[in-house]
Amino acid sequence: MDLEDLDYALPAELIAQRPAERRDQARLLVVERATARFTDAAIPDLAAWLAPGDALALNETRVRPARLHVHRLPTGGRVELLLVRREEGGLWRALARPARKLVPGQRLESVDRELLLEVEALQPEGERLLRVLRGDVDATLESLGEVPLPPYIHRPAEPADRERYQTVFARVPGAVAAPTAGLHFTPELLAALEGRGVRTARLVLHVGPGTFRPITRARVEDHAMEAEWFELGEEAVRALRAARAAGGRIVAVGTTVVRALEAARDACGGTLGAARGFTTKFIHPPYRFGAVDALLTNFHLPRTSLLCLVAAFAGVELTRLAYRHAVERRYRFYSYGDAMLVV
């Protein structure tokens, strides 16, 4: 597949800079694969498109306030860190800006001087491994960390983002970006769907920065995904299998859920089962899905693995037409934007 097939033109004013006033106020573009029909709807209309017996698969990852401003010692030069995840041996994997002077041995101190870090090693994609010499990373992030809003949101993170850039079902800390399709759900909407007979199943995939990096290879197949941690438990598997057995559909809420479910299926020899670990699963056309029947997802950046996954599920040409329709109808794009349901 050529990278050019994942490109499209988007007016800058359609990139959502703030969330809708209410979570369930977003618009919803319904894409029917069998008929190539588009329906302009809204998030509360989900009930009309989900049937009793369907199962919503939700990602319970919680976004860590992972952006932290520190100073280089002894010069005091300012550095912005994105603490990606904890590694073995008490190390932390991080991205830094500016990173040029962050060589092994360089020490970094938080502005309250409670946290002292030292660069242990350089990693691919510009990441650094940091050793904690003093303090506690989690405690410092909770007190001083900022919500790591995506770079296409051209404003500083605000206090309200700590709640709005988080799903209402977020439970397990570990992500540096939100599973944005889940941002549209309210407790009331989930309760209404449950009352209609729609099950829910919970899993975890900790979204890392690599998910949103553009594909740079001319051939999509040459792209390599960065590892992300996922966990699909026995209870969720039972709920998803029961839905299928009763004639219902597995509806993935977000591309992260698709990757977790398909990675779990791979780990279990082609059958959906419980699994956990790091996955580098990269889904691109052509791909035969075995664990997902419908997909709720936001609109994604061009030339990314996220858009590649949607194209694999909906079809390349139908995805292209759907995005053209969304631009023409002035849908709001990306993390704080509107959603698309592919059935």
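Keep in mind it's a predicted model, so treat the numbers as computed, not measured.

**Student:** Give me the overall build of the chain: which residues, what numbers.
**Tutor:** Along the backbone of the chain there are eight helices and 17 strands. Relative to the compact-globule value of 20 Å for 343 residues, the chain shows a C-alpha radius of gyration of 20 Å, a close match. Expressed as a percentage of its 343 residues, the buried residues of the chain come to 56%. The contacts in the chain between residues at least 6 apart in sequence include a share of 71% that link residues at least 24 apart. Put simply, the chain shows about 14,900 Å² of open surface, and 51% of that area lies on carbon and sulfur atoms. Positive and negative side-chain charges in the chain, numbering 47 and 44 respectively, have mean positions lying 1 Å apart.

**Student:** Explain the nonpolar core residue by residue, including any values.
**Tutor:** One finds L6, Y165, L261, F333 and M340 to be the most contacted residues of the largest nonpolar core, which totals 72 residues. Here this core gets eight residues from one element, more than from any other, and that element is helix α7 (residues 305–314). Excluding residues that lie within four positions of it along the chain, F333 makes contacts with Y8, L10, L14, I15, A16, F299, Y323, A326 and V327. Counting residues in each nonpolar core, the second largest holds 23 residues, with V30, L46, L190 and A339 among its members.

**Student:** Explain the pairing of strand β16 (residues 294–298) to me, and be specific about the residues and the numbers.
**Tutor:** Most of β16 is tucked away, with five of its five residues classed as buried. Burial along β16 is two-sided: A294, L296 and N298 and L295 and T297, pointing in opposite directions, are all buried. In this structure, strand β14 (residues 250–253) lies alongside β16, joined through three bridges in parallel fashion. In the strand pairing of β16, V253 is matched with L296. In this structure, β16 lies alongside strand β17 (residues 339–342), joined through four bridges in antiparallel fashion. Within the sheet, the bridge partner assigned to L295 lies in β17 and is V342.

So, how was this worked out
Residues numbered from 1 in each chain as written. Predicted model: local features only at pLDDT ≥ 70, side-chain atom pairs only at ≥ 80, totals over all residues. Heavy atoms only, no water. Helix = DSSP H or I, 4+ residues; strand = E, 2+ residues; numbered from the N terminus. Rg over C-alpha atoms; globule rule 2.2 N^0.38 Å. Buried < 20%, exposed > 50% of the residue type's maximum accessible area, 1.4 Å probe, protein only. Contact = heavy atoms within 4.5 Å. Areas by Shrake-Rupley, 256 points an atom, 1.4 Å probe, with all protein chains shown as cover. Lys, Arg positive; Asp, Glu negative; His and termini not counted. Charge placed at Lys NZ, Arg CZ, Asp CG, Glu CD. Core = buried A, V, L, I, M, F, W, Y, C linked by side-chain atoms within 4.5 Å. Pairing = 2+ DSSP bridges.

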